[in-house]
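A structural walkthrough
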Amino acid sequence: MRCVRWRPERNSVSLENPGHESDTVETQKARSYCSRVLQRQPTAFHANIQSCTPCHLEHRGRTARPTEMDHATLARIGLRQLEKSSKDARTQAVQIKNWLEQTNHVALSGAKLQRDERALNCVTCHQTKDRHVGLFGSDCSQCHTTDKWTITEFRHPSAASQSCAQCHQAPPSHYMEQFHMVSMRVAGQEHADVRQCFLCHQTTSWNDIKGVGWYKHP
């Protein structure tokens, strides 16, 4: 992999060749940064990406970010790489393209995604950011789009609902003695079960405790 290094003084990016004998201290820092990028799940795909310019744009002024995430472009790059790989990979690429073509005008669960974006497997980059802790499965596109995580159409169930545990996972502290010694006593619910979120919490915020108000454990 060649490391992309942003040069603010030139308003452009440069490609560094790791391991070259003429490496400067600045280049070595760039390589160190690259190694950190490859260790993070959301950016590890850079190890196999050979196309930089579709996402890393130049000459946009000093205030603009030099990176623009384009999921459709990423999907097309991935398909091109599959086509250049092993026989099995090429077969997989053909299957994906055929599926995209067949479902192009079909209202799938991920209908808000662009055509090529449907080929992406969201969890390969975003699994470590899953706030649902796996409770909703791994197909993020059933609810989310690629431009933002928030869902405009989402409406939280009634505050009188008692089915919180269907969507929410209690924090680790609720499975420790702290839950019995502190949390239950603060809320005045000393016989509450971990899955009975509604006994202590409001739907406005997890820290909004019924009968207590805003409370945050020290």
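One structure accompanies this document, and this report is about it. No experiment lies behind these values; they were computed from the predicted model shown.

Reading the values: the criteria
- Residues numbered from 1 in each chain as written.
- Predicted model: local features only at pLDDT ≥ 70, side-chain atom pairs only at ≥ 80, totals over all residues.
- Heavy atoms only, no water.
- Helix = DSSP H or I, 4+ residues; strand = E, 2+ residues; numbered from the N terminus.
- Buried < 20%, exposed > 50% of the residue type's maximum accessible area, 1.4 Å probe, protein only.
- Contact = heavy atoms within 4.5 Å.
- Salt bridge = Lys/Arg side-chain N within 4 Å of Asp/Glu carboxyl O.
- Polar contact = N/O pair within 3.5 Å; in protein donor to acceptor, adjacent residues only side chain to side chain.

Within the chain, the secondary structure is distributed over five helices and four strands. Traced from its N-terminal end to its C-terminal end, the chain shows the element sequence β-β-α-α-α-α-α-β-β. With 218 residues in all, the chain has 25% of them scored as buried. Within the chain, contacts between residues at least 6 apart in sequence are counted, and of these 43% link residues at least 24 apart.

For the structure shown, the criterion picks out six salt bridges. Of the charged contacts in the structure, one is a salt bridge between arginine 76 and aspartate 116, with a shortest N-O distance of 2.7 Å. You can see arginine 76 sitting in helix 2 (residues 71-83) and its partner aspartate 116 sitting in the loop between helix 3 (87-102) and helix 4 (123-126), a full 40 residues away along the chain. With relative accessibility at 35%, the residue arginine 76 sits in the partly exposed group. A relative accessible area of 14% means that aspartate 116 is categorised as buried. The shortest N-O distance in the salt bridge between arginine 115 and glutamate 101 comes to 3.2 Å. Linking arginine 115 in the loop between helix 3 and helix 4 with glutamate 101 in helix 3, this pair joins segments that are 14 residues apart in sequence. Overall, the relative accessible area of 31% leaves arginine 115 in the partly exposed class. Within the structure, one salt-bridge network assembled from shared partners comprises Arg76, Glu101, Arg115 and Asp116.

Within the fold, histidine 201 resides in the loop between helix 5 (177-187) and strand 3 (208-209). Only 2.7 Å separates the side chain of histidine 201 from the backbone oxygen of tryptophan 206, close enough to count as a polar contact. Aside from chain neighbours lying at most four places away, what touches histidine 201 is His174, Trp206, Asp208, Ile209 and Lys210.

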